[in-house]
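# Chains, contacts and geometry: an overview
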Amino acid sequence: MVSLRTEHGHTGPGDGTGGEDRTSRARKARSERPGGVGRTSVDGADAAFARPRPRPLRGVVAVAGLVLLAMAVNALVTNDAFRWDVVAKYVTADAVLAGLGTTLLLTAVAFSGGFVLGIALAVMRLSRNPILVTLSFGYTWLFRSVPMLVQLLFWYNISLLYPKLSLGIPFGPRFTEFSTERMISSLTAAVISLVLHEAGQLAEIVRAGILSVSRDQTEAAEALGLGGWRIFRRIVLPQAMPAILPPAGSQIIGLLKGTSIVSVIAVQDLLYATQLIYNRNYLVIPLLLVATLWYLLLTTLLSVVQHFVERRYATGDRG
């Protein structure tokens with residue numbers, strides 16, 4: 001069929017292309033029209049997508065949580081067995097504050113010594129010397145495998161195994177000797193066991209942080225002629241700190257709470273100080289609450305410090 005052109009220049013029904021163009025223009029006009037079918041369907045789909053779906057279970061859980069919280073607060077306030085007046089009396093007692101100081105001292109010394117020793121162990125583990133690698137692996141394997149209480153009791157009773165320690169030439173003459181029973185007190189045994197235990201834990205944390213730094217950084221520094229210690233101190237360690245700090249912060253918080261275990265060898269820390277008091281007045285629950293409140297306060301402060309230190313070392317958040 002021959003298509004006929006009208007006087008306005010439109011093609012006749014014989015041209016299939018013209019019919020398809022008119023159909024597509026009509027569909028486009030309906031979709032762009034405010035009240036058109038296409039516009040209405042798009043708006044309806046967008047509205048259905050934007051409208052949040054009802055989640056009744058979430059609301060039920062939230063209400064149940066609030067009810068349980070209210071019940072817990074009510075039990076703390078109304079139960080006379082808590083004896084909050086006794087808690088207020090002993091929370092700043094001299095014996096409690098002295099025990100608090102011992103707890104903070106143990107935490108600071110154990111973490112500082114453990115962190116320095118942990119860095120050395122991590123560097124040994126990553127070295128090319130198989131002897132150093134084996135020694136570092138054996139140390140971390142041993143001190144991460146033995147429970148903290150066992151290590152503490154071992155060092156406290158070290159005099160049963162080695163009554164005397166001596167200084168001298170290996171496999172040769174001895175210059176002087178020390179009695180371990182007098183030299184290693186309960187506080188010394190606590191410090192030694194905590195430092196050695198934390199070193200084994202922190203060595204793996206530091207090693208993971210060092211491995212997070214790209215090898216290209218070290219190779220570029222070596223190409224510039226920098227020494228190994230300077231590369232580690234100025235390039236590798238600062239870049240590893242964002243990966244080290246979060247688990248190290250959690251480790252120091254756990255260490256603060258874990259120092260309470262030294263009470264089993266009569267080190268007068270915070271817990272042992274409260275135990276001495278309630279052994280005299282038999283007010284067990286109020287004195288345990290005193291220790292609990294101090295631990296809550298200290299862990300909260302450490303969490304705040306950890307947050308700001310992480311922000312300081314976070315990538316792209318400096319200055």
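The model shown is predicted, which means the values in this text are computed figures rather than measured ones. (Residues numbered from 1 in each chain as written. Predicted model: local features only at pLDDT ≥ 70, side-chain atom pairs only at ≥ 80, totals over all residues. Heavy atoms only, no water.)

### Notes on the overall build of the protein
- Broken down by element type, the protein carries 14 helices and 2 strands.
- Out of the 319 residues belonging to the protein, those deemed buried represent 29%.
- Within the protein, contacts between residues at least 6 apart in sequence are counted, and of these 66% link residues at least 24 apart.
- For the protein, the accessible area works out to roughly 20,900 Å², and carbon and sulfur atoms hold 64% of it. (Helix = DSSP H or I, 4+ residues; strand = E, 2+ residues; numbered from the N terminus. Buried < 20%, exposed > 50% of the residue type's maximum accessible area, 1.4 Å probe, protein only. Contact = heavy atoms within 4.5 Å. Areas by Shrake-Rupley, 256 points an atom, 1.4 Å probe, with all protein chains shown as cover.)

### Let's talk about the pattern of salt bridges
- Counting across every chain of the model gives 4 salt bridges.
- The salt bridge involving Glu204 is made with Arg144; its shortest N-O contact spans 3.9 Å. With Glu204 in helix 10 (residues 186-211) and Arg144 in helix 6 (residues 130-145), this residue pair connects regions lying 60 residues apart in the sequence.
- What you see here is one network of salt bridges that share partners, running through Arg125, Arg144, Glu204 and Arg207. (Salt bridge = Lys/Arg side-chain N within 4 Å of Asp/Glu carboxyl O.)

### Points about the packing of helix 6 against helix 10
- Running from amino to carboxyl end, helix 6 crosses helix 10 at an angle of 120°, the nearest separation of the two axes being 8 Å. Regarding the angle of helix 6 to helix 10, the classification is oblique. The way helix 6 lies across helix 10 gives a crossing that is left-handed. Judged by residue contacts, Tyr139, Thr140, Phe143 and Arg144 of helix 6 engage Leu196, His197, Ala199, Gly200, Gln201, Ala203 and Glu204 from helix 10.
- Looking at the contact of helix 6 with helix 10 residue by residue, the class counts come to 5 nonpolar, 4 polar and 2 charged. (Axes fitted to C-alpha atoms, helices over the stretch in contact; angles between N-to-C directions. Parallel < 35°, antiparallel > 145°, perpendicular 65-115°, else oblique. Left-handed = near helix turned anticlockwise from the far one by under 90°. Nonpolar A, V, L, I, M, F, W, Y, C, P; charged D, E, K, R; others polar.)

### A word on the pairing of strand 2 (residues 174-179)
- Inspection of the sheet shows strand 1 (residues 164-168) paired to strand 2 by 5 bridges, in the antiparallel sense. Bridge pairing in strand 2 places Gly168 opposite Arg174.
- Between strand 1 and strand 2, which pair antiparallel in sequence order, lie 5 residues; one of them, Phe171, sits at a positive phi of approximately 60°. (Pairing = 2+ DSSP bridges.)

### Focus: the UniProt feature "transmembrane region" (unreviewed entry) in the protein
- Mapped onto the present numbering, the UniProt feature "transmembrane region" (unreviewed entry) falls at residues 59-77, 97-124, 131-156 and 282-305.
- Secondary structure across residues 97-124 comprises 100% helix and 0% strand; the distance between its end C-alpha atoms is 40 Å.
- Regarding residues 282-305, the helix share stands at 92% and the strand share at 0%, and the terminal C-alpha atoms are separated by 37 Å. (UniProt positions renumbered as here; feature names shortened; annotations may be inferred.)

### Describing the side chain of Ser263
- Here Ser263 is to be found in the loop between helix 12 (228-258) and helix 13 (270-281).
- A polar contact is formed between the side chain of Ser263 and the backbone oxygen of Ser260, at a distance of 2.8 Å. (Polar contact = N/O pair within 3.5 Å; in protein donor to acceptor, adjacent residues only side chain to side chain.)

### Description of the packing of helix 11 (residues 215-223) against helix 12
- Where helix 11 meets helix 12, the closest approach of the two axes is 10 Å, and the angle between their N-to-C directions is 160°. Judged by the inter-axis angle, helix 11 sits roughly antiparallel to helix 12. Where helix 11 crosses over helix 12, the two elements pack in a sense that is right-handed. Seen from helix 11, the contacting residues are Gln217, Thr218, Ala221 and Glu222; seen from helix 12, they are Ile231, Ile235, Val236 and Gln239.
- Split into classes, the residues belonging to the contact of helix 11 with helix 12 amount to 4 nonpolar, 3 polar and 1 charged.

### Things to note about the side chain of Ser136
- Secondary-structure assignment places Ser136 in helix 6.
- For Ser136, a relative accessible area of 1% gives the class buried.
- Of note is the side chain of Ser136, whose polar atom sits 2.7 Å from the backbone oxygen of Leu121.
- Residues within four places of Ser136 in sequence aside, it is in contact with Leu121, Met124 and Arg125.

### A short note on the packing of aromatic side chains
- A full pass over the atoms with the stated rule returns 4 aromatic pairs.
- Judged by centre distance (5.9 Å) and plane angle (20°), the ring pair of Phe111 and Phe115 falls under stacked. Of the two residues, Phe111 and Phe115 are both situated in helix 5 (residues 94-125); the distance of 4 residues between them amounts to about one turn of the helix.
- Classification of Phe111 by relative accessible area gives buried; the value is 17%.
- Their ring planes at 85° and their centres at 5.8 Å tell us that Phe154 and Trp155 sit as a pair that is edge-to-face. (Phe/Tyr/Trp six-rings, centres within 6.5 Å; stacked < 30°, edge-to-face > 60°.)

### Considerations on unusual backbone geometry
- Positive phi is not limited to glycine here, since Arg83 has a value of about 50°.
- Inspection of the secondary structure assignment puts Arg83 in the loop between helix 3 (56-78) and helix 4 (84-90).
- Of the residues examined, Arg83 reaches a relative accessible area of 36% and is grouped as partly exposed.
- Positive phi outside glycine occurs at Tyr282, with the angle close to 60°.
- Locating Tyr282 in the fold gives a position in the loop between helix 13 and helix 14 (284-313).

### What to know about the confidence of the model for the protein
- Per-residue confidence for the protein averages 82 on the pLDDT scale, and 82% of its residues sit at or above 70.
- Within the model, the stretch residues 34-42 combines pLDDT values under 50 with 9 contacts to residues more than four positions away or in other chains. (pLDDT = per-residue confidence, 0-100.)

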